[in-house]
Amino acid sequence: ERQINMAQAKAKVGIMGGTFDPIHIGHLVTAEAVRIEYNLDKVLFIPASNPPHKLQSLVTPAIHRYIMTILATYSNPYFLVSALELERSGPSYTVDTVRALIDCYGASTELYFITGADAVKDLPSWQNIDELLELCFFVAATRPGSISYIDQVIKQFGTKGRHSIQRLATPELEISSTDIRERVKKGRSIKYIVPESVEDYIYKEGLYR
Ligand code: ATP
Ligand code: MG
């Protein structure tokens, strides 16, 4: 009987999109918190090939970001890395990625798109955001009682679409890839902010110097 129930349960897949230049502990802690809270079967990390918001700045070649994402997630059996956006040319729009995932997993799978506070702020400018909100759940991992614009965005989209944006209270570590790149450039330590394997890879490949 238990097996039948499990077979009937909807599959739940988390999506963690990002530039991951480089991936850091903030991404990993957040993804794991959402996985546990929403009882997800797995979390897909999807490095962006050509992030639409970052066209102007210089982004590290996708192959490095992809490899670092694999290294960082390797020890977690629930974490997987998808090359979906890397195999597609042109800018990566989340809506295209989510459509592709629905084609792949089928409509009965529930998708949970995971974002941090800064991504929530940008949400109104995302391509086809209304459709996106129909296609997947959104989980905004933010600090409890943090900045009110996040609540405003949640309110703005909260009633739209099939799914509303849900907020999950997380410690939201004060870590960003930008800060890590600057630290490497200045020769400062990045120990414990990125997994050791990622730290080793950055130095071995001479990234961010
Ligand atoms: P950059 O500084 O280059 O913008 P980043 O650290 O913001 O990099 P991204 O790859 O841009 O990392 O972010 C991917 C996703 O991870 C986004 O949804 C972002 O909000 C979230 N995120 C980034 N840093 C953190 C953090 N410290 N805690 C929780 N979520 C985070
Ligand atoms: Mg960012």
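Given the structure is predicted, the values throughout are model-derived calculations rather than measurements.

Trainee: Is there a simple way to explain the site of ligand 1 in this structure?
Mentor: In the region of ligand 1, 18 residues are neighbours, and Gly18, Gly26, Gly116, Ser177 and Thr178 sit closest. Mapped by element, the contributors of at least two residues to the shell around ligand 1 are helix H2 (25–37), strand E4 (110–116), helix H5 (117–122) and helix H8 (177–185). Each residue belonging to the shell around ligand 1 can be placed in one class, and the counts come to 5 nonpolar, 10 polar and 3 charged.

Trainee: Which parts of the structure should I look at to understand H2?
Mentor: Structural remark: α-helix, 3.6 residues per turn; residues separated by three or four positions point the same way. Over its 13 residues, H2 extends 18 Å from the first C-alpha to the last, a length consistent with the 18 Å expected when each residue adds 1.5 Å. Along H2, the residues that are buried comprise Gly26, His27, Leu28, Thr30, Ala31, Val34 and Arg35. Asn39, located one to two residues past H2, shows a positive phi value of around 55°.

Trainee: Help me understand the packing of helix H3 (residues 62–73) against helix H9 (residues 196–205), please; the structure alone is not making it clear to me.
Mentor: How two helices sit against one another is set out by the angle between their axes and by the gap between those axes. In contact at an axis separation of 8 Å, H3 and H9 are set at 150° when each is read in the N-to-C sense. What the angle tells us is that H3 and H9 run roughly antiparallel. With respect to the hand of their crossing, H3 and H9 are arranged in right-handed fashion. Residues His64, Ile67, Met68, Leu71 and Ala72 of H3 lie in contact with H9, whose contacting residues are Ser197, Val198, Tyr201 and Glu205. Here the contact of H3 with H9 is built from residues that sort into 6 nonpolar, 2 polar and 1 charged.

Cut-offs used in this document
Numbers given to residues run from 1 along each chain, matching the order in which its sequence is written. Just so you know, chain letters begin at A and ligand numbers begin at 1, following the order they were written in. Residue-level local features of this predicted model are given only where pLDDT is at least 70; pairs of side-chain atoms are given and counted only at 80 or more, and the full residue set underlies all totals for whole chains, interfaces and linings. Each residue gets a C-beta atom placed from its backbone. Should that atom fall within 6 Å of a molecule or strand, the residue is termed near it. In DSSP terms, a helix is any run of H or I states spanning at least four residues, a strand is any run of E spanning at least two, and both are numbered starting from the N terminus. Residue classes follow a fixed rule: Ala, Val, Leu, Ile, Met, Phe, Trp, Tyr, Cys and Pro count as nonpolar, while Asp, Glu, Lys and Arg count as charged, and any other residue, Gly among them, counts as polar. An expected span of 1.5 Å times one less than the residue number is assigned to each helix. Each residue is classified by how many other C-beta atoms fall within 10 Å of its C-beta atom, where C-beta atoms are placed from the backbone; a count of 20 or more means buried, 12 or fewer means exposed, and values in between mean partly exposed. Here the axes come from fitting lines to C-alpha atoms, over the contacting stretch only for helices, and the angles between their N-to-C directions go from 0 to 180 degrees. To sort the angles, those under 35 degrees are grouped as roughly parallel, those over 145 as roughly antiparallel, those from 65 to 115 as roughly perpendicular, and the leftovers as oblique. For a crossing to be left-handed, the near helix must be turned anticlockwise from the far one by less than a right angle; the clockwise case is right-handed. By the convention adopted here, residues make contact when the C-beta atoms placed from their backbones lie within 7 Å.

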